[in-house]
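Spelled out, the chains give:
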Amino acid sequence: MLFRSDIENSGALTLNGPSSNAGSMALYGGAISYSGGFNNIGNVSWFGGSLGNSFLNVGSLVVDAGNGSAIINANATLSNSGTVTQQAGTTVTMQGYFSRDQYYNYSFSPAQLSNLSGGTYNVQGDGTVITGATGLSNGPDDIVNNAGTFRKSGGLGEAVIDRYVQFNNTGTVQVDSGTLTVLGGGSNTSGGSYQFSNGSVFKVGGGTFGLSDTLSASGSGTLLISGGNVQVANGSSATLSNFTNGANLVIGGGANGGSLGANNGGTLTLDLEGGSSAQLVAGGTISGAGATNNGNFTWSGGTIGDGSNQTVLANSGSLVVTGPGTMNINANATLSNSGTVTQQAG
């Protein structure tokens, strides 16, 4: 079924078979279901209502729904290879759910948002922008996958993807203004990158965030690990390099600290050069099996070692110990140096 003219819907809409929109469509509420999937190649304004099954946006989708009334149902996926604009003051709610059989076997049916390669997902404001279902373990359940460009373009404060949503990046995260925070962990793999401007921040504020392959960043801003745990899994390797134009990595800060390291059997290499540096600050921890630093590393607070693993921070680059803060090397941890360590006065 192909729609070419303007359509407005505020109730339950059921479409049998594959359907497409090539005109303009406004969704105001109710449940929209389509047994064969729905493709938008025109313009959709989403003021409210729930999406079921598979919704693919190739054209333009504008989300302008307050109070979390734009809903992605369990087992449904909103995919984007066009442009999604999520206006300020809008929350997208993902409603995955757990089920349990008579033998107490649990299964989860997530809601998913997938920004595909070539797609742009543009968040224009602050506040909780994506929220998920509450899982049995209060952990991340629903999923955001970014293989295109996930952008925060407006708002000077913090836009939050809450702790019930995993954020997995294989594309580009672009923060032009304020802070974009993920609380449910996720991953950065396959060369995922970050672009900053105006002193902006991407913050891993909770959960476990897995690393593999390479991670790069550019522009005036910070990749901040504060409250979350960024780890390289056993048998995997990751390199943080090609940080350019003043982009920095900061581990720690805030009330909940933050940690970075490789699990036993994994390897993590830090190679930040030029005007960029890795910075371990108060509350931060180099954890697990540790890391190798080949570039610029500043240590002004925090701890090497989590107390339970044989953690090694191996420096073959430039490590500067600075400031009046407290720097700790924990039990079972080692700082080894084959480069340059400069301990500044004070």
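Refer to the structure above for everything that follows.
Residues numbered from 1 in each chain as written. Predicted model: local features only at pLDDT ≥ 70, side-chain atom pairs only at ≥ 80, totals over all residues. Heavy atoms only, no water.

Asker: Just give me the short version of the environment of A70, but keep the residues and values in it.
Answerer: For A70, the location among the structural elements is in strand β12 (residues 70–73). For A70, a relative accessible area of 0% translates into the label buried. Apart from residues lying up to four places away in sequence, A70 is in contact with W46, G48, G49, V63, A65, T91, V92 and T93. (Helix = DSSP H or I, 4+ residues; strand = E, 2+ residues; numbered from the N terminus. Buried < 20%, exposed > 50% of the residue type's maximum accessible area, 1.4 Å probe, protein only. Contact = heavy atoms within 4.5 Å.)

Asker: Please give an account of a nonpolar patch on the surface that cites residues and values.
Answerer: There is a patch of nonpolar side chains on the surface, built from F98, Y104 and Y106 and spanning about 330 Å² of accessible area. Secondary-structure assignment places Y106 in strand β17 (residues 106–109). Its relative accessible area of 45% is what places Y106 among the partly exposed residues. (Patch = residues over 30% accessible without salt bridge, like charges linked within 9 Å, V, L, I, M, F, W, Y side chains within 5 Å. Areas by Shrake-Rupley, 256 points an atom, 1.4 Å probe, with all protein chains shown as cover. Salt bridge = Lys/Arg side-chain N within 4 Å of Asp/Glu carboxyl O.)

Asker: Summarise unusual backbone geometry; cite the residues concerned and give the values.
Answerer: For N75, which is not a glycine, the phi torsion comes out positive at approximately 70°. Structurally, N75 is set in the loop between β12 and β13 (77–80). Residue N245 is not a glycine yet carries a positive backbone phi of 55°. Take N245: its relative accessible area is 64%, and that puts it in the exposed class.

Asker: How would you explain the packing of aromatic side chains if you had to name every residue and give the values?
Answerer: With the rule as written, the count across this model stands at seven aromatic pairs. Plain terms: the ring middles of F38 and F55 are 5.2 Å apart, the flat faces sit at 20° to each other, and that makes the pair stacked. Here F38, found in strand β7 (residues 38–40), pairs with F55, found in strand β10 (residues 54–57); they are 17 residues apart in sequence, far enough to count as distant. Neither F38 nor F55 differs from the other in exposure class; each is buried. Ring geometry for Y194 versus F202: centroids 5.0 Å apart, planes at 45°, classification tilted. Per residue, the accessibility class of Y194 equals that of F202, and both read buried. Three or more aromatic residues link up through ring pairs in this structure, and these residues are Y121, F150, F167, Y194, F202 and F209. (Phe/Tyr/Trp six-rings, centres within 6.5 Å; stacked < 30°, edge-to-face > 60°.)

Asker: Summarise the pattern of salt bridges; cite the residues concerned and give the values.
Answerer: With the rule as written, the count across this model stands at two salt bridges. Salt-bridge contacts for K152 lead to D126; the nearest nitrogen and oxygen are separated by 2.9 Å. With K152 in strand β22 (residues 149–152) and D126 in the loop between β19 (120–123) and β20 (127–131), the pair connects residues that are 26 residues apart, well separated along the chain. D126 gets classed as partly exposed once you look at its relative accessible area, which sits at 31%.

Asker: Tell me about the side chain of N80, residues and numbers included.
Answerer: Note on placement: N80 falls in strand β13. Reaching out from N80, the side chain makes a polar contact with the side chain of N57 at a distance of 2.8 Å. At a separation of 3.0 Å, a polar atom in the side chain of N80 contacts the main-chain amide nitrogen of G82. Not counting residues within four places of it along the chain, the set of residues in contact with N80 comprises L56, N57, S114, N115, L116, G119, T120 and Y121. (Polar contact = N/O pair within 3.5 Å; in protein donor to acceptor, adjacent residues only side chain to side chain.)

Asker: How would you explain the pairing of β12 if you had to name every residue and give the values?
Answerer: Along a regular strand, successive side chains alternate from one face of the sheet to the other. In terms of strand pairing, strand β9 (residues 49–51) meets β12 through three bridges, oriented parallel. Within the sheet, the bridge partner assigned to G49 lies in β12 and is A70. Two strands pair when backbone bridges link them, and β12 and strand β15 (residues 92–95) are joined in this way by four bridges, in the parallel orientation. When the bridges of β15 are listed, A70 appears paired with V92. (Pairing = 2+ DSSP bridges.)

Asker: Give a detailed account of the nonpolar core, specifying residues and quantitative values.
Answerer: Across soluble globular proteins, you tend to see nonpolar side chains buried next to one another. Core analysis: the biggest nonpolar cluster contains 68 residues, and F202, L211, L249 and L268 have the highest contact counts within it. Sequence-distant contacts of L249, that is, excluding residues within four places in its chain, are made with L223, I225, L240, F243, L260, L270, L272, S277, A278 and Q279. (Core = buried A, V, L, I, M, F, W, Y, C linked by side-chain atoms within 4.5 Å.)

Asker: Can you break down the environment of G307 residue by residue, with the values?
Answerer: Its location among the elements puts G307 in the loop between β40 (302–304) and β41 (311–315). Other than its neighbours up to four places away in sequence, G307 contacts N330, A331 and N332.

Asker: Talk me through the environment of Y164; I want residue IDs and the actual numbers.
Answerer: Counting through the fold element by element, Y164 comes out in the loop between β23 (158–161) and β24 (165–169). Take Y164: its relative accessible area is 12%, and that puts it in the buried class. Here the side chain of Y164 touches R163 through a polar contact of 2.8 Å, side chain to side chain.

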